[in-house]
Each structure stands twice: as structure tokens, then as C-alpha cells.
Amino acid sequence: MDIFGKALLVYHHGQTDIPLKVLRDDGWTDEHSPGLYFQDEPFEFEVPALRRISGPTLDVGCGAGRHLKWLAAEGHEAVGLDSSEGAVAVCRAQGLTGVNAVDVLSDPLPELPFRPAQITLFGNNVGIGGTFDGSVTLLRILHGICGAGGQLLLTGLNVKGTENPTHIAYQERNLAAGRRRGELKLRLSHEGETGPEFGWFHPEPHEIEELGALSGWGVEHLEHQGGFFWASLRAR
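Not measured: the values here are computed from a predicted model.

S.K.: Please explain the side chain of Thr57 as it appears in this structure.
M.R.: Relative to the helices and strands, Thr57 is located in strand E3 (residues 57-60). Within the structure, the side chain of Thr57 is placed 2.8 Å from the side chain of Gln118, a separation counted as a polar contact. Once residues within four sequence positions are removed from consideration, Thr57 is found in contact with Leu71, Glu77, Ala78, Val79, Phe114, Gln118 and Thr120.

S.K.: How do you make sense of the pattern of salt bridges when you look at a structure like this?
M.R.: Any two side chains of opposite charge can pair, so long as their charged atoms come close to each other. Here the structure, examined in full by the defined rule, presents 10 salt bridges. Among the salt bridges present, the one from Glu193 reaches Lys6, with a minimum N-O distance of 3.6 Å. In this pair, Glu193 is assigned in strand E9 (residues 193-194) and Lys6 in helix H1 (residues 3-12), connecting sequence segments 187 residues apart. The partner of Glu46 in a salt bridge is Arg66, and the shortest N-O contact between them spans 2.7 Å. Of this pair, Glu46 sits in the loop between strand E2 (29-32) and helix H2 (47-50) while Arg66 sits in helix H3 (residues 66-73), placing them 20 residues apart in sequence. For the residue pair Glu46 and Arg66, the accessibility class agrees, reading buried in each case. Via salt bridges that share partners, Lys6, Glu191 and Glu193 belong to a single interconnected network.

S.K.: Is there a simple way to think about unusual backbone geometry in this case?
M.R.: Most of the time, phi is negative for any residue but glycine, and the peptide bond is trans. A positive phi angle is found at Asn124, which is not glycine, with a value near 60°. Its place among the elements puts Asn124 in the loop between strand E6 (118-121) and helix H5 (132-146). One non-glycine residue, Glu191, lies in positive phi territory at about 50°.

S.K.: Before we go on, may I ask you to explain helix H6 (residues 165-176) in this structure?
M.R.: Every α-helical turn comprises 3.6 residues, leaving residues that sit three or four positions apart pointing alike. For H6, which comprises 12 residues, the first-to-last C-alpha distance of 16 Å matches the rise-based estimate of 16 Å (1.5 Å per residue) to within 8%. Here H6 has its buried residues at His167, Tyr170, Gln171 and Asn174. All buried residues of H6 lie within an arc of 95° about the axis, which places them on one face of the element. Opposite the buried face of H6, at more than 90 degrees from it, the exposed residues are Pro165 and Ala176. Each element contacted by the buried residues of H6 is listed here: strand E1 (20-24) and strand E8 (183-190). With a side-chain oxygen lying 2.8 Å from the backbone nitrogen of Thr166, the N-terminal cap of H6 falls on Asn164.

S.K.: Explain the environment of Gly212 here, please?
M.R.: Examined against the element boundaries, Gly212 turns out to sit in helix H7 (residues 205-213). According to the relative accessible area criterion, Gly212 is buried, its value standing at 0%. Sequence separation between Gly212 and Leu233 is 21 residues, and the spatial gap between their C-alpha atoms is 7.6 Å. Apart from residues lying up to four places away in sequence, Gly212 is in contact with Leu139, Trp217, Leu233 and Arg236.

S.K.: Explanation requested: the nonpolar core in the structure shown.
M.R.: Nonpolar side chains in soluble globular proteins tend to be buried together. Residues Ile119, Leu121, Leu142, Leu152, Leu154, Leu211 and Trp217 are the most contacted members of the largest nonpolar core, which totals 27 residues. Contributing elements (two or more residues each) for this core: E3, strand E4 (78-82), E6, H5, strand E7 (151-157), H7 and strand E12 (228-235). The dominant element in this core, judged by the number of residues it contributes, is H5, at 7 residues. Core analysis: the second largest hydrophobic core is formed by 15 residues, Val22, Tyr170, Leu184 and Trp200 among them.

S.K.: What is the right way to read the pairing of E6 from this model?
M.R.: Here is the key point about a regular strand: its side chains alternate between the two faces of the sheet. The alternating pattern of E6 places Gln118 and Thr120 and Ile119 and Leu121 on opposite faces, both of which are buried. The pairing of E3 with E6 spans 3 bridges and is parallel. Across the sheet, Thr57 pairs through a bridge with Gln118, a residue of E6. Summarising the sheet, E6 and E7 pair through 4 bridges and their orientation is parallel.

Procedures and definitions
Along each chain, numbering runs from 1 in the same order as the chain's sequence is written. Two thresholds apply to this predicted model, a pLDDT of at least 70 for residue-level local features and 80 or more for giving and counting side-chain atom pairs, whereas whole-chain, interface and lining totals are computed over all residues. To get the side-chain values, all heavy atoms of the structure are used, and hydrogens and water are removed first. Working definition: helices are DSSP H or I runs of at least four residues, strands are E runs of at least two. Numbering for both runs from the N terminus. For the purposes of these results, a polar contact is taken to be a pair of N or O atoms within 3.5 Å, where, inside protein, one atom must be able to donate a hydrogen and its partner to accept one; residues adjacent in sequence count only when each atom of the pair is a side-chain atom. Whether two residues are in contact is decided by their heavy atoms: any pair within 4.5 Å suffices. Salt bridge criterion: a side-chain nitrogen from Lys or Arg within 4 Å of a carboxyl oxygen from Asp or Glu. The classification of residues rests on relative accessible area computed with a 1.4 Å probe and restricted to protein chains. Under 20% of the type maximum is buried, over 50% is exposed, and intermediate values are partly exposed. The length a helix should cover is 1.5 Å for every residue beyond the first. The arc in question is the one spanned by the directions pointing from the helix axis to the C-beta atoms. Buried residues of nine kinds, namely Ala, Val, Leu, Ile, Met, Phe, Trp, Tyr and Cys, make up a nonpolar core once their side-chain atoms join them within 4.5 Å. What makes two strands pair is DSSP finding at least two bridges between them.

In C-alpha cells, the structure reads:
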């Protein structure tokens, strides 16, 4: 059930008032407009990372294609991957033809038109791994795509910076159970339909170096921007 893709398609077809809901396994709920994934301009904390792009780019977890559109406008050759069929349909409807529906953790990767000089994991998409170990696997796969010397650009949410007691309690339960602070169990809901539970991982900034060391990447730069951070890693 592609709840995320459905929400993007509904928004793209003009129903802009229906929120996408994120349901965590402790009962906490967030809701936001799918319009978040259609923003024309990068978020402020993404800009320094985007400025480091040079050469052909693979955008993993491209969603509705907002970064692909920015890259095209800047003259960069770029293609995207997303596990959501609906997201890919939205990208193609906007003229972004170089996009494929692929779960990079389990599906065979399509033949790319180039060897990427860098791979982007924006939108907190290190979380695609689901857990710390899963994110190590994700980064190893991306290392294999890019090869030695390639760049990985990512953004993340600094989960430890929260002052919300519900989030703090959730994180403390994770740590007490031997899990990482930022490991979550989530469901997505839209227009009364709720999808299956899936894991998502928000690494803390200091965990990026640990993830990289276990997957062949070295951290070149990491910078905090409010409640978020971005990092540049280089494949060894």
C-alpha cells in the first residue's frame, strides 16, 4: 500500500488540503501537507550541501522530485530512485523522466546513464535503512554504486535536540532496550487509509562518522543548521 505515493498524487492533481499523517508506535501523531515535497526552493539547511554538487548525481529517495528539479535548473545531470511508485509517477508527470521505482535495499538497481560523481540522501533519507544496521547496509550499497572518490551528501534531523517530553521518553525507551536513540516504528495515513508499519532511523550527527566507517565512507564535513544537519562523505 503506497500511502506516500497516493498522497503525492492526490496533491499533484489539485487536492491540496488533505494532510499526510505520520503515526508512531507509541501513539504520537504528526501531520503535514504533501506540499512539503513540492517546494520550489531548497530548505535553508540544504543549500550548503547542494552547493558542493559537481557532476552527475543520483538522488536516492527523490520523492516528488524537488531536488531533481533544482539540479536540472542548475545544469546538473541527475536521475532519481524512489521505492514509491506514486512518487515516481508524480516525477514523470512533471517531466522528470530519469526516475525509477526501486527499493535500493532489496531490488536490483537499474542501469544508470552515468557513474554518479555523488549520491544525495536528502529529506532525512539515511532513515531508509530503518535501523542503524540497515543504514550501514544502505551506505554500503551506495558505496558500490559510486565507487572510490565519490561523494555522498545527506541531511538529517538532530533528534537529541528535542525538548518534547514525549519524544524524549521514546528515545529513552530505545536506549534502555539497546536500540539507537533515533530508531522509530512508523505508519503513514492519508484519507482514512493507513499503511503497514515500517522502520525509520534518524542518526545523531556523531553517528554519521560511525555509519561511514562501517560502510567505506569518510566524513569530510558536517555542519549543524538549527535542528538539522548536513554532511559530506567521501568514498574510500
